[in-house]
Amino acid sequence: MRKINTSIEIQGLYSLLTLFFIGIFPVFGQAPDDPCAYEIRGSILDAENQEPIPYATIVVVDTERATVADENGNFVLDKLCGTEFDLECSSMGYKPIRHHHDTHHGNPLIYLAPTTLELESVVVEGEAIVGGMRSMAVDKIDAAQLAIKSTRSLASAIGDIQGVTFTSTGANVQLPVIHGLNGNRILIVNNGVKHGFQNWGSDHAPEIDIAGADRISVLKGAAGVRYGPEALGGAVVVEGNPLNLSEELNGKVSSGYQTNARGYHANADFGEGFDKFSYHLGANYIKNGDRRTPDYSLTNTGMEERSANAGFRYHLPKWDFKGYYSYVGQDLGLLRSSVAESGDLFARSLEADEPLIIRDFSYRINEPRQNTVHHLATATVDWYSDLGKVSLLLSRQINLREEYDVRRNADLPIIDLELGTSDARLEWVHTPIAGFKGTLGLEYFYQNNDNNPGTGTTPFIPNYNTRRFSAFVIESVKKRSNTYEFGVRIDHENNSVRGREPDQSIFRNEYSFTNVTASLGLVHEISSFWHWRTNLGSAWRTPNMAELYSFGQQGFKTQFGLWRYYTSDDGELRTDRVLTEDDGAAEPEKGYKWITELSRQKDGHALTLTAYTHFIDNYIFDRPVAVIGTIRGPTPVFIYDQADALFVGADLTYSRNFTEKIKGTVGTSYLWSQNVDKNDPLINQPPVNINTDISWNTPLFLGLDSSKLTLRTSYTFRQFQAPRTVTPAQLIDGDVTITPESPIFDFKDAPAGYGLGNLRWEWQRGRFGGQVEVLNILNTNYRDYLNQMRYFADEPGRNFILNINYKF
């Protein structure tokens, strides 16, 4: 079977390469006749606030050519003889930067960092448009911001962005939520490729170490045209080290400690760039023990993470070769009190103010727990011509997952999965043709998921193979102050499934989907400081394997997929057979999202207002339905269901530079969602929140080069759209009868609203720097509505975090 799958995979890749090059090669022309007809156009911006830096100096090293930027920070170097140069950019009060530039790479954006800040000056080559469309709302987190959050998860690191939060199963398992959507509706792009992991449910977090990231971008629109079906709700794009050429040996070593969980971490990375070659190496280690709320210990919530990454780049005229590898290994504990051994204990655990199992602090990770390992390897070839750039990207990922539960054979995993993912993508980013600029691409995607034997249980999801062929085009044209964009993508996906019926007999199924995704956008420059962008996009998504075939125990609950249950003639929920597409029990999701954004930036004031509406046909969600007895005791039962759903919301961010040293920001997000089929609320949707930040570049003391104090406050309201409550005791005693047709309910009331405060001090002295941070300053007791462990325990209390780093 594996030999046949490999053959099909190779044939698919060969077809993709052949089709692309037949269409592309005739297009490319020759270099211009005049060897001194090249030019570089770019912009100089402030790295802190992205405002233009006027009259900066740009010098072409080892030549007599130089220029000065205009009042808007723009510059032009024309009549250059050759295609590759070293540029030096400087301005009074900013850190200078030296950059190796190839004219085929597009126009550079040069971000200079003020000398008083820990930020570093950087260069972005070309007009890097994340998601391929300027009309899509995008928020970015740069390397300096990520350094402050190096011990956080990916979801937590981006959770401060308006309209973005995270859903979780305790402190160790967190997934991004964008405008109310999560799971595999949010595509995670890791160093250019779709991150291949067990992306189903809220129990599986992406294995990504943000300490190895250089920048993270969050796309809030339907990004399916550029990234494929899983980007129905948006995308999170993680970029690694840029591997700059002509860069001296540099790096950073850091270490730190946190009081809550008695956690410690260490990180090291370094790199170097020569004329034609550059490399980067990095490693990270994190270990935490049991977290603690203000009143009690959260038993079995420790974690340990090991990660490493490496990359290289080799450059030739018109060619770039890049390779990248990353490894992440995790041991994650889940709250012990989430598992009950009797119906009485389960009902009491939800009613109690404290977990029923509280033990002394420990670093030991017992059951329930998860062990994961993720390998990613990519190879990229970029070929530059006067008509654009052709890129070939090949990747391979291996994801290993073991989950252990509280049971008699606790040393055996209850889930043991091996997921292999291969991806091949060809793109042509062309230079303007009749005023149009854009990207054409072809992609072949293949996944193979196998259950390893020896668990002693029926596999929670079956073995499967997924193959997808895709083609897309994104184009834009600028007319005066307007930029018009459109994109279209076609995907054909085939799935082959092998699993077991409840009686352990083998079932097989094969099904396919074909769909077209489209997007239209407009960017209007109202003035030099007012901008308006709007985007209307469609996207689609096939139900994932858990949504179709999940069967049995997963974490603290028992779950059944859409093709694992049905309603009998007497109205009872039955799980004695596997359904197929012929039963009409599941349809692909199809989403239509309109998002518009108005922004203003001038004289130290910045305002961004984003509004959106998102209709999803056949929206898939899990909902509680019962409490049943299992070998380990009664557990709540959840089923997957489908309905048409509507999401409407808005995000607002306003910031102001009160003085040269004091800056303030306020933001809020609001989301209304509804099951329009039944006029029911949707479960597990983000509540309204408001937050403020104020930062102060303090006077320098003790020989410090920089000192910055930041206070962040937030208030999260009670989720007033939460469904009704039906307690486990009511279900166990038979006081309430629930069927799949009953209105949605939850086992516990939505928690009360809460306010939090965090304080951080950042400092730099020479090559040494660091941060001291206090989370939950007032040691507030609270529960997060989007954390499944809210059924059993409070969130962690006050936490002091110390981090020290040395740069060279």
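**Student:** Before we go on, may I ask you to explain the overall build of the protein in this structure?
**Tutor:** For the protein, the helix and strand inventory stands at 7 helices and 45 strands. Expected size for 808 residues packed as a compact globule is a radius of gyration near 28 Å; at 27 Å, the protein falls within 12% of this value. A total of 808 residues make up the protein; the buried ones form 56% of that total. Surface accessibility of the protein: about 33,400 Å² in total, with carbon and sulfur atoms responsible for 56%. Across the protein, the 75 positively charged side chains and the 99 negatively charged ones have centroids separated by 2 Å.

**Student:** Looking at this structure, I do not really get the packing of aromatic side chains. What am I missing?
**Tutor:** Given two aromatic rings, one states the distance between the centres and the angle between the planes to describe the pair. The full count for this structure, using the stated rule, is 25 aromatic pairs. A centroid spacing of 6.0 Å and a plane angle of 15° characterise the contact between Y619 and F621, whose relative ring orientation is stacked. You'll find Y619 and F621 in the same group, each marked buried. Ring centres of F701 and W761 lie 6.1 Å apart, and the angle between their planes is 15°; this geometry places the pair in the stacked category. In this pair, F701 sits in the loop between β39 (689-697) and β40 (706-716) while W761 sits in strand β43 (residues 754-765), placing the two residues 60 residues apart along the sequence. Its relative accessible area of 24% is what places W761 among the partly exposed residues. Taken together, the ring pairs connect F507, Y511, F513, W540, Y549 and W563 into an aromatic cluster.

**Student:** Is there a simple way to think about the sheet that holds strand β9 (residues 138-141) in this case?
**Tutor:** Note on sheets: strands pair through backbone hydrogen bonds, and any given pair is parallel or antiparallel. If you walk across this open sheet you meet the 5 strands as β9-β14-β15-β12-β13, and the pairing is mixed. Since the sheet does not close on itself, it has two edges, and those belong to β9 and β13 (193-194), each with one partner. Alignment of β9 against strand β14 (residues 215-219), held across 4 bridges, turns out to be antiparallel. Bridge pairing in β14 links I141 to I216.

**Student:** I'm lost on a nonpolar patch on the surface in this one. Help?
**Tutor:** Together, L249, V253, F270, L281, F768, V772, L802, I804, Y806 and F808 give the surface a local cluster of nonpolar side chains, amounting to about 800 Å² of exposed area. Those elements giving two or more residues to the nonpolar patch turn out to be β16 (247-258), β44 (768-775) and β45 (799-807). For the nonpolar patch, the element with the highest residue contribution is β45, accounting for 3 residues. Structurally, L249 can be placed in strand β16.

**Student:** Mind showing me how you'd approach the side chain of N449 here?
**Tutor:** Along the chain, N449 turns up in strand β26 (residues 436-451). Within the structure, N449 has its side chain in polar contact with the side chain of Q198 (distance 2.7 Å).

**Student:** Please clarify how unusual backbone geometry should be interpreted in this entry.
**Tutor:** Excluding glycine, most residues fall at negative phi; most peptide bonds, likewise, are trans. Of the consecutive residues E367 and P368, the connecting peptide bond is found in the cis state with omega at 0°. With respect to the secondary-structure elements, P368 resides in the loop between α5 (343-351) and β23 (369-385). Of note, K318 is a non-glycine position whose phi angle comes to about 75°, a positive value. As for its placement among the helices and strands, K318 is situated in the loop between β21 (303-316) and β22 (319-333). A residue is classified by how much of its surface remains accessible, and K318, at 30% relative accessible area, is partly exposed. Of note, the phi angle at N618 is positive, near 65°, even though the residue is not glycine. Here N618 lies in strand β36 (residues 605-628).

**Student:** Got a minute to help me understand the sheet that holds strand β2 (residues 57-60) in this structure?
**Tutor:** Ordered in space as β3-β2-β5-β6, the 4 strands form an open sheet in which the pairing is antiparallel. Of all the strands in the sheet, the pair left with one neighbour each is β3 (66-68) and β6 (97-102). Neighbour to neighbour, the strand axes of the sheet diverge by 25° on average, direction disregarded.

**Student:** What's the story with the environment of V59 in this structure? I'm lost.
**Tutor:** Positionally, V59 belongs in strand β2. The class of V59 is partly exposed, set by a relative accessible area of 30%. On a C-alpha basis, the gap between V59 and S90 in space is 8.8 Å, while along the polypeptide they are 31 residues apart. When residues no more than four places from it in sequence are discounted, the contact partners of V59 are R65, A66, D86, L87 and E88.

**Student:** Even after reading the chapter, I still don't get the nonpolar core, so can you show me in this structure?
**Tutor:** One broad trend across soluble globular proteins is that nonpolar side chains are buried collectively. Y511, Y549, L562, W563, F747 and F792 are the most contacted members of the largest nonpolar core, which has 48 residues in total. Looking at this core, the elements that each hand over two or more residues are α5, β25 (415-433), β29 (506-525), α6 (545-549), β36 and β37 (635-657). Contacts of L562, omitting those with residues within four sequence positions, involve E547, L548, L579, A585, A586, I620, Y640, D641 and Q642.

**Student:** Help me understand the pairing of strand β1 (residues 38-46) in this model?
**Tutor:** Here is the key point about a regular strand: its side chains alternate between the two faces of the sheet. Burial within β1 is extensive, with 7 of its 9 residues counted as buried. Two elements, β1 and strand β4 (residues 74-80), share 5 bridges in a ladder whose sense is antiparallel. Along β4, the bridge assignment pairs R41 with V76. As paired elements, β1 and strand β7 (residues 109-112) share 4 bridges and run parallel to each other. Looking at β7, one finds that S43 is bridged to L109.

**Student:** Would you mind going over the side chain of D320 with me for this structure?
**Tutor:** Topologically, D320 is positioned in strand β22. Polar contacts involving the side chain of D320 include one to the side chain of R313, which spans 3.1 Å. A polar contact of 3.0 Å, which involves the side chain of D320, links it to the side chain of H315.

**Student:** So what exactly am I meant to see when it comes to the pattern of salt bridges here?
**Tutor:** Opposite charge on two side chains permits them to pair, given that their charged atoms come into close proximity. According to the stated counting rule, one finds 39 salt bridges in the structure shown. With a shortest N-O distance of 3.9 Å, R577 and D583 are connected by a salt bridge. D583 sits in the partly exposed class, given a relative accessible area of 38%. Note that R623 is salt-bridged to D641, the shortest N-O span being 3.3 Å. Remark: D641 occurs in strand β37 and R623 occurs in strand β36; sequence separation between them is 18 residues.

**Student:** Help me out: how do you make sense of the confidence of the model for the protein in this one?
**Tutor:** Detailed conclusions should not be drawn from predicted coordinates in areas where pLDDT is low. Looking at the protein, the pLDDT average stands at 89 and 92% of residues meet or exceed 70. Taken as a whole, residues 1-8 scores under 50 in pLDDT and shows 8 contacts with residues more than four places along the chain or in a different chain. The low-confidence segment residues 19-31 (pLDDT under 50) makes 26 contacts with residues lying over four places distant or belonging to another chain.

**Student:** Got a minute to help me understand the environment of P502 in this structure?
**Tutor:** Locating P502 in the fold gives a position in the loop between β28 (482-500) and β29. Residue classification places P502 among the partly exposed residues on the basis of a relative accessible area of 28%. Linking P502 and Y227, residues 275 residues apart in sequence, is a C-alpha distance of 37 Å. When residues no more than four places from it in sequence are discounted, the contact partners of P502 are F551, R564, T575, D576 and R577.

**Student:** Is there a simple way to think about the pairing of strand β30 (residues 530-541) in this case?
**Tutor:** As paired strands, β29 and β30 are joined by 7 bridges and run antiparallel to one another. From the neighbouring strand, E525 faces β30, where its bridge partner is H531. In this antiparallel pair of consecutive strands, β29 and β30, the connection spans 4 residues. Sheet topology places β30 next to strand β35 (residues 589-602); 12 bridges connect them, and they run antiparallel. Paired with L536 across the strands is W594, a residue of β35.

**Student:** Hey, could you run me through the environment of T716 in this one?
**Tutor:** Locating T716 in the fold gives a position in strand β40. Taking relative accessible area as the criterion, T716 reaches 13% and is therefore assigned buried. With residues up to four places along the chain from it excluded, the contact list for T716 reads P687, V688, N689, G753 and Y754.

The rules behind the values
- Residues numbered from 1 in each chain as written.
- Predicted model: local features only at pLDDT ≥ 70, side-chain atom pairs only at ≥ 80, totals over all residues.
- Heavy atoms only, no water.
- Helix = DSSP H or I, 4+ residues; strand = E, 2+ residues; numbered from the N terminus.
- Rg over C-alpha atoms; globule rule 2.2 N^0.38 Å.
- Buried < 20%, exposed > 50% of the residue type's maximum accessible area, 1.4 Å probe, protein only.
- Areas by Shrake-Rupley, 256 points an atom, 1.4 Å probe, with all protein chains shown as cover.
- Lys, Arg positive; Asp, Glu negative; His and termini not counted.
- Charge placed at Lys NZ, Arg CZ, Asp CG, Glu CD.
- Phe/Tyr/Trp six-rings, centres within 6.5 Å; stacked < 30°, edge-to-face > 60°.
- Pairing = 2+ DSSP bridges.
- Patch = residues over 30% accessible without salt bridge, like charges linked within 9 Å, V, L, I, M, F, W, Y side chains within 5 Å.
- Salt bridge = Lys/Arg side-chain N within 4 Å of Asp/Glu carboxyl O.
- Polar contact = N/O pair within 3.5 Å; in protein donor to acceptor, adjacent residues only side chain to side chain.
- Axes fitted to C-alpha atoms, helices over the stretch in contact; angles between N-to-C directions.
- Contact = heavy atoms within 4.5 Å.
- Core = buried A, V, L, I, M, F, W, Y, C linked by side-chain atoms within 4.5 Å.
- pLDDT = per-residue confidence, 0-100.

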